[in-house]
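A structural walkthrough
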Amino acid sequence: MRFSPEKLSIPDQRMKPFIDPDEIWNFIHNTSPDKIRVREVISKSLGKNRLTMEETAVLVNAVGTDLVDEIRQGARELKEKVYGNRIVLFAPLYIGNRCTNNCQYCGFRVSNREAVRKTLSDEEIISEVEALEDNGQKRLILVYGEHPDYSAEYIAHTVKLVYGIKKGHGEIRRVNINAAPFDIEGFRTVGESGIGTYQIFQETYHPEAYKWYHPSGRKKDYEWRLTALDRAQEAGIDDVGIGALFGLYDWRFEVLGLLRHTNHLEACYNIGPHTISFPRIKDALSLNLDGKYQTADDDFKKLVAILRLAVPYTGLILTAREAPDVRREVLQYGVSQIDGGTKLELGSYSDSKNEEQNLNREQFKISDSRSLGEVIDELLSNDYLPSFCTSCYRMGRTGEHFMEFSVPGFIKRFCTPNAILTLSEYICDYGTDEVAEKGWKVIEKNLQKLDTGIMKSTRDKIERIRKGERDLYF
Ligand code: SAM
Ligand code: SF4
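So, a few notes on the structure that sits alongside this text. As the structure is a prediction and not an experimental result, all values here were calculated from the model. (Residues numbered from 1 in each chain as written. Chains lettered and ligands numbered in written order. Predicted model: local features only at pLDDT ≥ 70, side-chain atom pairs only at ≥ 80, totals over all residues. Heavy atoms only, no water.)

What surrounds ligand 1 is a group of 19 residues, the closest being Y105, E203, K219, R225 and K282. Here an oxygen atom of ligand 1 sits 2.6 Å away from a polar atom, N or O, in the side chain of E203. Protein contacts shield 97% of the accessible area of ligand 1, which totals 560 Å² for the unbound molecule. When atom positions are compared with the pocket grids, ligand 1 is found to occupy the largest cavity. Along the lines of polarity and charge, the residues of the shell around ligand 1 split into nine nonpolar, three polar and seven charged. (Near = heavy atom within 4 Å. Polar contact = N/O pair within 3.5 Å; in protein donor to acceptor, adjacent residues only side chain to side chain. Areas by Shrake-Rupley, 256 points an atom, 1.4 Å probe, with all protein chains shown as cover. 1 Å grid on protein atoms, 1.4 Å probe; cavity = no way out; pocket = protein on both sides within 12 Å on 5 of 7 lines; lining within 4 Å. Sits in = over half its atoms within 2 Å of the grid points. Nonpolar A, V, L, I, M, F, W, Y, C, P; charged D, E, K, R; others polar.)

Glancing now at the layout of surface pockets. In this structure, the second largest pocket occupies an estimated 310 Å³ of space. Looking at the lining of the second largest pocket, the elements with two or more residues in it are α4 (65-83), α16 (400-406) and α17 (410-430). Counting the residues that make up the lining of the second largest pocket, at least three belong to each of domain 2 (85-387) and domain 3 (405-466). (Points joined across faces, edges and corners; volume = space filled by probe spheres on them. Helix = DSSP H or I, 4+ residues; strand = E, 2+ residues; numbered from the N terminus. Domains from an automatic or database assignment.)

This part is about helix α11 (residues 251-269). An α-helix turns once every 3.6 residues. As a result, residues three or four positions apart point the same way. Across its 19 residues, α11 extends 27 Å between first and last C-alpha, which sits within 8% of the 27 Å expected from 1.5 Å per residue. Within α11, 16 of the 19 residues are buried, which leaves the element mostly enclosed by the surrounding structure. A distance of 2.9 Å separates the backbone nitrogen of R252 from a side-chain oxygen at the start of α11, and that oxygen is part of D250. Looking at the residues trailing α11, positive phi occurs at N270, about 65 degrees. (Expected span 1.5 Å × (residues − 1). Buried < 20%, exposed > 50% of the residue type's maximum accessible area, 1.4 Å probe, protein only.)

Attention now goes to the pattern of salt bridges. In the structure shown here, the tally under the stated rule is 45 salt bridges. Put simply, R327 and D368 hold a salt bridge, and the shortest N to O gap is 3.0 Å. Note that R327 is positioned in helix α13 (residues 324-331) and D368 in the loop between β10 (337-339) and α14 (372-381), a separation of 41 residues in sequence. By relative accessible area, which is 2% here, D368 ends up buried. (Salt bridge = Lys/Arg side-chain N within 4 Å of Asp/Glu carboxyl O.)

Turning our attention to the pairing of strand β7 (residues 240-243). The side-chain alternation of β7 yields two buried faces, one formed by V240 and I242 and the other by G241 and G243. Where strand β6 (residues 198-199) lies against β7, two bridges are found, and the strand directions are parallel. Looking across to β7, one finds that Q199 is bridged to G241. After leaving β7, the chain enters α11 and then returns to the sheet as strand β8 (residues 275-277), a path that is right-handed. (Pairing = 2+ DSSP bridges. Right-handed = clockwise from strand over helix to strand, strands pointing away.)

Here we come to the packing of α14 against helix α18 (residues 433-447). The geometry of α14 relative to α18 is characterised by a closest axis approach of 9 Å and an angle of 40 degrees between their N-to-C directions. Here α18 runs oblique to α14, going by the angle between their axes. The two elements α14 and α18 cross, and the hand of that crossing is left-handed. From α14, G373, I376, D377, L380 and S381 reach across to α18, where they touch E434, V435, K438, G439 and V442. (Axes fitted to C-alpha atoms, helices over the stretch in contact; angles between N-to-C directions. Parallel < 35°, antiparallel > 145°, perpendicular 65-115°, else oblique. Left-handed = near helix turned anticlockwise from the far one by under 90°. Contact = heavy atoms within 4.5 Å.)

Without other data, these values stay purely geometric and don't point to any function.
This is how it looks when you write it as structure tokens:
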């Protein structure tokens, strides 16, 4: 049975909860995934169309190696045809791990007495950011626990501080944040500090499961969190990232929850999320989970491919929670951003003694601890074009992922040249000889894909970068 028409949020649904678990379960239980239908859905997506909840449920329900392979292949094709081979790089910077919440899956939860609590001082933030700049980072996401110490004013202060830290050719050009939700006034304060994306994960979209995992603290209020991005929009923040923590509840439900959230934002504010994240639960100190909903590798790979097909013009973020081999594979299905050189312990970027993870000081265990240089080296070996581009955000071109996808020639005019220029800077300032050798080859290959005029002006800018100029972009 097909459910149609679907419930879409309408403008008067602003600020109102939009998840109906029965609706989502109905899609999952009553959508049959025969081969023909699965192929129809994949080809709709390859025609650059957003999928509905019902169509996404068709893919979610598809079983059998061949059919699932077709989904993965579809995602690969969509990525290659539409996005090209750029991968944007960033790093997380934990500012403080004080927290009044009690999330059962998190090492920072208030009831975890073994956690060593710390908030970086301004001086420590400066040392950390300088160390990140020395590695070549240009884009950071600042992360905070939920605590009265981390008010909107404090967070705005840290964002402005980070933008002001410059070392040599190093500077942070885009500061995103992952922080607990604010009221509208708080969002306004944070927005005015110049953040790139405001990111928040619903963790699980299932209200009952949510209640269980969040027994106390402000975060126990499911609806306050669910409507956070409505308040952000009301406060003028239209660049937002959503996510679900896979492993808390049935992955199929979460995929449709993410899609429902996207529909809600698009219908109410005319702009969907800039990014979707799909972290999987990793080991943490005093974790309180039974592992019932642990998402297996195969399901994880399938769900990333489904998300790519369902929301072709939304950025997908894959983090160092995943091991290098999983990252390598999943990258092919349309991931657009990854972190590199990630460290979670507060203060550890500037403290090179400390290489091992220390779980009483960190939120969870990561599975990819390679340096940024190593991650870039591998990307280049696999013919990806690593990018530190921050151009759209700084030129006021919001909705960049949508434009990449829908404005003819946008990628060739802006994204590829800007990726080439930021990679050129990286090679000149931070690249090893090996990275330089591979990097210039990848750059040349990508220059060949550009139209003559833009190719020439990109080459001119590369020459200027080689001579010492920085921050050139289109
Ligand atoms: N305190 C803020 C909040 O809860 O919104 C910031 C978020 S937290 C520092 C970043 C995200 O990490 C969480 O939203 C959650 O999805 C994820 N996370 C928490 N514990 C995790 C674990 N054990 N494994 C993987 N990811 C985890
Ligand atoms: Fe605190 Fe966030 Fe961890 Fe929950 S996930 S305990 S709110 S830091």
